[in-house]
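# Architecture at a glance
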Amino acid sequence: MKKCLIFAASALALAGCSSDDFLGDAPGNNGNANSVINFSGKTGKISRATTGESAATKLNKNFIVYGYKTTNDAAQTVYDHYSVNYLGADNNSLSNTAGWEYVGQEKNTALNKTTGAQDIKYWDYSASQYDFIAFSFGEAKQGEGDNQVKATRVDNTKPSYTLTGSAEELAKCFIADRVTAKKDVTDAKDYKLYAYGKQIGFNFRSLSTKVKIGIYEIIPGYSVKDVKFYTDAEDANPTTTPTLYADNKNIPDGKGTMTVTFGSTTESDTDFNQAMVNWKGESDNASTITFDVLSTVNKVNEAKGDKFIGQDITNASKPTDYKTVLPGTDVGALNLKVDYTLESTDGSGEEIKVTGATAVVPAEYTNWQPNYAYTYIFKISDKTNGSTGPGSTGLYPITFDAVVTETEDGQQNTITAVETPSITTYAKGKINNENEYEGGSNIYVSVEKATLHIQDTNKEEDKTATNCALYKVTTTGSYTATEALVELCLSKGIDGADDSKTLKEGNNSITVTPVSASDTDKLSIVAQIDGTDTADGNAIKGNFAKFTAATTATTYAFKYYTDSTTAYKVIKVAAKTSK
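None of the values given here were measured: they were computed from a predicted structure.

### Observations concerning the overall build of the chain
Along its length, the chain carries 3 helices and 37 strands. By residue count, 56% of the 579 residues in the chain fall in the buried class. When the accessible surface of the chain is totalled, it reaches about 24900 Å², and 44% of it is carbon and sulfur.

If you want it as structure tokens, here you go:
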């Protein structure tokens, strides 16, 4: 019985694959155990996997594999940068059961340093494990020219490689997690851990990242139109081109090198065999990301104009497509600065022009990962830090929300409420229409350029003042919980039980009640977002307030305060769905 080692290519999404052609147990490394190594391929869009010809097309029907085995703690190269080509599902052989063939294929002479032809490989059952590293140039051309990508060789003593070229060409390439194979694996992990004799699959995903923005507004009695964007804090001529800008030139651009390394070798770790990237530019990076024109809605109530921005998160105004960028670990905060016009929806045609309103997506949430799609959605509410005229600051210092939405295969969700300072909330999972988070989620809160603290009354040495609090908010009638209304209730409301405050106007009311330190959804301070709460399994270091949301539909309000500043963020939670 012959057993082939088969390789599988999967780009952009996870998908499992195994071969039923090779069954039974090999008793050891002897003449009766000819175990051939095979590869097969799958690939996909950001939100779903594709297979076969479609998958191969994304990789331009080729990927490079470096593989080595470990025997008595010594590593020995098995695949010296073999070129693996897609020949089609009808060309099966011992080394090809899924269309991908390496035997007899033309060598990649720039990377493969062996003297002989690419030949068949067999599992060595005396080896303790195999490790495989693969990547694809995709539609990019290999080489050192202006429109080409140069790759370095993998070294089994320090498994990593680099890809060098322009940002535009690097965005066409694909990387994969490292794959480990062991003899006695019973709990295999697709694209990370396999047993000997099984088809080896790679989780290829695009080296690029996709970014989009969106804006919606919830200002009672007004619609928003004529939004203009700034390219930096000092820009004096905003335009209609949607733009996010960084404080410095930290957005990967021009020519540079992407270094690909790999995570933990411990199978239980969340970053086990995970491919990780780091960008180093050779020329100036960019400081802005620009987008296509935003979508608009034509008429809201009795407003006389048209081309207004959307009025809820489900129809937020967005460009038609994502902007493709390269992932970068040092992008830093992204800023939005806009002017816009408010038009009354009562038919009067009254307008208010707001200038210089700003929002900030904190640096913690711009550590982009390959093949992720980030949509930053900004919510304009009845709190703004823009100006409506000389000497003024806002209607009521506007709040923006910046949301990183989740695609079907898992993304980060962040919501940045921006007045001054910016407040960002994050929870793993999808946004549920008007409810930002699902019940039962761990919700993390950070404040730009501030250290959150809750004084520990059990520690006499803790002299740092508390500067944040969490409330539950309930409303009746036409009142809707907004940052401005919460602030007004806490300052003008009537005292009630449990230190609550209630503000009433006819049949409309709002009640704001502090969350007690004894409640299950109490607020605490943590130094990271746990890996179990992130989309990619990697902890995000920082200073965060954290609470576990109720499983029922609940509205919370987070408050940050100092002697000179008070800011609020309304956090809506939907009822937890059964799974």
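So, next bit.
### A few points about the packing of aromatic side chains
Both the distance between ring centres and the angle between the ring planes are used here to describe each pair of aromatic rings. In total, this model carries 23 aromatic pairs according to the counting rule given. Between Trp123 and Tyr130, the ring centres sit 4.9 Å apart and the planes meet at 80°, which makes this aromatic pair edge-to-face. Each of the two residues, Trp123 as well as Tyr130, counts as buried. Each ring, one from Trp123 and one from Phe132, has its centre 6.4 Å from the other, and the planes form 90°; the classification is edge-to-face. In this structure, Trp123 and Phe132 share a single accessibility class: buried. The residue whose ring lies beneath Lys337 is Tyr230, and the NZ or CZ to ring-centre distance is 4.6 Å.

### Considering the sheet that holds strand β22 (residues 323-325)
Strand-to-strand pairing in sheets goes through backbone hydrogen bonds, with the strands running parallel or antiparallel. Here 3 strands make up an open sheet; going across it, the order is β22-β16-β25 and the pairing mixed. If you trace the sheet from one side to the other, it starts and ends with β22 and β25 (373-380), each paired once. On average, each strand axis in the sheet is inclined to that of its neighbour by 30°, with strand direction left out of account. Judged from the 3 bridges that link them, strand β16 (residues 209-217) and β22 form a sheet pairing that is antiparallel. Note on β22: the bridge partner recorded for Thr209 is Val325.

### Re the confidence of the model for the chain
Close inspection of predicted coordinates is inappropriate for parts of the model with low pLDDT. Considering every residue of the chain, the mean pLDDT works out to 83; 83% of them sit at 70 or more. Long-range and interchain partners of residues 8-34, a stretch whose pLDDT sits below 50, account for 95 contacts in this model, where long-range means more than four residues apart. Taken together, the stretch residues 44-48 has pLDDT below 50 and engages in 18 contacts with residues farther than four places along the chain or on a different chain.

### Some points on the layout of surface pockets
Take a probe with the size of a water molecule and roll it over the atoms, and the empty space left behind shows itself. Space inside the second largest pocket adds up to approximately 530 Å³. Mapped onto the lining of the second largest pocket, the elements with two or more residues apiece are α3 (483-492) and β37 (566-574). Here the residues of the lining of the second largest pocket sort into 9 nonpolar, 5 polar and 7 charged.

### Focus: the pattern of salt bridges
Evaluated as defined, the whole model comprises 12 salt bridges. Here Arg205 ties to Asp177 by a salt bridge, and the two come within 2.9 Å at their closest N and O atoms. Here Arg205 is found in strand β15 (residues 199-206), whereas its partner Asp177 is found in the loop between β12 (174-176) and β13 (179-182), with 28 residues between them in sequence. Residue Arg205 is classed as buried on the basis of its relative accessible area, which comes to 9%. Among the ionic pairs, Lys225 bridges to Glu343, the shortest N-O distance being 2.7 Å. You can see Lys225 sitting in strand β17 (residues 222-229) and its partner Glu343 sitting in strand β23 (residues 334-344), a full 118 residues away along the chain. The same class applies to Lys225 as to Glu343, namely buried. What you see here is one network of salt bridges that share partners, running through Lys225, Glu343 and Glu351.

### Focus on the nonpolar core
The tendency in soluble globular proteins is for nonpolar side chains to be buried side by side. By size, the foremost hydrophobic cluster in this structure holds 40 residues, and its most contacted members are Leu334, Tyr340, Trp368, Tyr376 and Phe378. Counting only elements with at least two residues in this core, the list comes to β16, β17, β18 (243-246), β23, β24 (351-361), β25 and β35 (540-548). Leave out the neighbours within four places in its chain, and Leu334 touches Leu244, Tyr245, Ala246, Ile251, Ala359, Val360, Val361, Thr366, Trp368 and Tyr376. Counting residues in hydrophobic clusters, the runner-up holds 30 residues, among them Ile37, Phe63, Ala176 and Tyr191.

### Topic: the sheet that holds strand β11 (residues 161-166)
The 5 strands lie next to each other as β9-β10-β11-β19-β20, forming an open sheet whose pairing is mixed. Edge positions in the open sheet fall to β9 (141-142) and β20 (275-281), since each of these has one partner strand only. When strand β10 (residues 148-151) meets β11, the two strands line up antiparallel, connected through 2 bridges. Paired with Ala151 across the two strands is Leu163, which belongs to β11.

So, how was this worked out
Along each chain, residue indices are assigned from 1 in the same order as the chain's sequence is written. Where totals are concerned, whole chains, interfaces and linings use all residues; where local detail is concerned, this predicted model gives features only for residues with pLDDT of at least 70, and gives and counts side-chain atom pairs only at 80 or more. To get the side-chain values, take all heavy atoms of the structure and skip hydrogens and water. The helix count covers DSSP runs of H or I at least four residues long, the strand count covers runs of E at least two residues long, and both are numbered beginning at the N terminus. Each residue gets one of three labels from its accessible area relative to the maximum for its type: buried under 20%, exposed over 50%, partly exposed in between, using a 1.4 Å probe on protein chains only. Calculation of accessible area relied on Shrake-Rupley with a 1.4 Å probe; when residues are assessed, cover is drawn exclusively from the protein chains displayed. Any Phe, Tyr or Trp ring, taking Trp's six-membered ring, that has another such ring centre within 6.5 Å forms a pair; planes under 30 degrees apart are called stacked, those over 60 apart edge-to-face, and the others tilted. Charge-over-ring placement is defined geometrically: NZ (Lys) or CZ (Arg) within 6 Å of the ring centre, and within 35 degrees of the ring normal. A strand pair is defined by DSSP finding two or more bridges across the two strands. Simply put, an axis is a line fit to the C-alpha atoms, just over the touching stretch for a helix, and the angle between two N-to-C directions goes from 0 to 180 degrees. A residue's pLDDT is the confidence the predictor assigns to it, expressed on a 0 to 100 scale. Should any heavy atoms of two residues lie within 4.5 Å, those residues are counted as being in contact. Of the two site types, the cavity is a set of points on a 1 Å grid over the protein atoms alone where a 1.4 Å probe fits but cannot get out, and the pocket is an open set with protein on both sides within 12 Å along at least five of seven lines, each lined by residues with an atom within 4 Å of a point. Grid points are joined across faces, edges and corners, and a volume is the space filled by probe spheres set on the points. The residue classification treats Ala, Val, Leu, Ile, Met, Phe, Trp, Tyr, Cys and Pro as nonpolar and Asp, Glu, Lys and Arg as charged. All others, Gly included, are polar. Only one rule defines a salt bridge in this text: a Lys or Arg side-chain nitrogen within 4 Å of an Asp or Glu carboxyl oxygen. We define a nonpolar core as any set of buried Ala, Val, Leu, Ile, Met, Phe, Trp, Tyr and Cys residues linked to one another through side-chain atoms lying within 4.5 Å.

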